[in-house]
Amino acid sequence: VVPGDLVDVRLLKNKKDWAEGMVLQIHEYSTERVTPFCTHFGVCGGCQWQMLPYGKQLQYKSKQVSDVLQRIGKVALPPIEPILGGAETRHYRNKIEYTFGNKRFLTKAEIGDESISSQSDVAGFHAKGFFDKVVDIDQCFLQGEPTNALRLFIKHLAKLKGWPFYDIRNHTGFLRTMQVRLCTTGELMVNIVVAEDDQQKINQLMDAVLTEFPAITTLLYTVN
C-alpha cells in the first residue's frame, strides 16, 4: 500500500508505538498512484516502488531513512539533503542476476489454469517471500539489452537440449543462475552458473551463447 490508500488491515503485530499487518481489502486507491510499466510488478521481487511516480519514490525513501535514524534510532541529525535521483528509471543496472529453476510461481490468475504447471522450467527472479519459486520473466526493465535476449535464449536452448533446471530444494539439475554485467563502455560480461561439472554440456552452452551473441566481451562459467 501507499499513503492515501483506504484499506482494511489485519494486524499481525500490535505494539505500543508501532504495528505490522496485511491488507485484506482495498476500498480506494491513493491519487498518488501511477500504473506500473512492468507486467510482473507486484509478484517479482525485483522492483517494489513502481506504483508511485519517481519523485514520490525518492520522497518516501528519504522519509524511511529519516525515520530509521531519528524516530527509531534516536540519532540527532542535521537537516537531511534531498536524494539525488537517477537520470533513468529503466535500464539503469550495470549488473543483474537471473535464476533458472524448475518450480514456477503461479499468480492468483494462473492458479487453476491447467495449461500452466508450477512444475516447469523457468528463468527470472525469485518470487517475493519464496526461496524455491521463480517468477518466469518475459521482459525485465532493470538492465538494457541484450539482457532479456540472453536469458530467453539460454532458457530456450536448455529446454531444447533437455538440460534440467536447478531444483533448489533437492540440489539437483544443471542450469542454475546467470549474471550479466553491462558497462557504460559497451563491454558485456556474462557468467553462467551450473551445478554439474559436465564439460560436454558446458562447451555446448558456451559455444551456442558466443555464436548467438558475438558482442560478448567476457564469457565465463562457474560450477557451483
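Going by the structure above, here's the rest.
These numbers come from a predicted model, not from an experiment.

Peer 1: Just to check I follow, could you spell out the environment of Glu-28 for this structure?
Peer 2: Residue position: Glu-28 is located in strand 2 (residues 19-28). A sequence separation of 24 residues divides Glu-28 from Gly-4, and the C-alpha atoms of the two residues are 8.5 Å apart. Discounting chain neighbours no more than four positions away, the residues touching Glu-28 are Gly-4, Asp-5 and Leu-6.

Peer 1: For this particular structure, what's the right way to read helix 1 (residues 54-72)?
Peer 2: Structurally, the α-helix is built with 3.6 residues per turn, so residues lying three or four positions apart point the same way. In this model helix 1 runs 26 Å from its N-terminal to its C-terminal C-alpha over 19 residues, within 8% of the 27 Å that 1.5 Å per residue would give. Ser-66 marks the point of greatest bend in helix 1, at about 30°. Residues Gln-57, Leu-58, Tyr-60, Ser-66 and Asp-67 constitute the buried set of helix 1.

Peer 1: Just to check I follow, could you spell out the state of the cysteines for this structure?
Peer 2: Linking two cysteines covalently through their sulfur atoms gives a disulfide. As enumerated under the stated definition, the model contains zero disulfides in all. Here Cys-38 is not cross-linked by a disulfide; its sulfur's nearest cysteine counterpart is in Cys-47, at 6.4 Å. Sulfur of Cys-47: no disulfide; nearest cysteine sulfur belongs to Cys-140 and is 6.3 Å away. Take Cys-47: its relative accessible area is 23%, and that puts it in the partly exposed class.

Peer 1: How should I be thinking about the environment of His-171 in this particular structure?
Peer 2: Within the fold, His-171 resides in the loop between helix 2 (147-161) and strand 6 (175-182). For His-171, a relative accessible area of 57% puts it in the exposed group. Taking C-alpha positions, His-171 is 8.3 Å from Ala-195, a pair spaced 24 residues apart along the chain. In this structure the side chain of His-171 is engaged in a polar contact, spanning 3.3 Å, whose partner is the side chain of Tyr-166.

Reading guide: rules and limits
- Residues numbered from 1 in each chain as written.
- Predicted model: local features only at pLDDT ≥ 70, side-chain atom pairs only at ≥ 80, totals over all residues.
- Heavy atoms only, no water.
- Helix = DSSP H or I, 4+ residues; strand = E, 2+ residues; numbered from the N terminus.
- Contact = heavy atoms within 4.5 Å.
- Expected span 1.5 Å × (residues − 1).
- Bend = angle between axes of the 7 residues up to and from the residue.
- Buried < 20%, exposed > 50% of the residue type's maximum accessible area, 1.4 Å probe, protein only.
- Disulfide = S-S within 2.5 Å.
- Polar contact = N/O pair within 3.5 Å; in protein donor to acceptor, adjacent residues only side chain to side chain.

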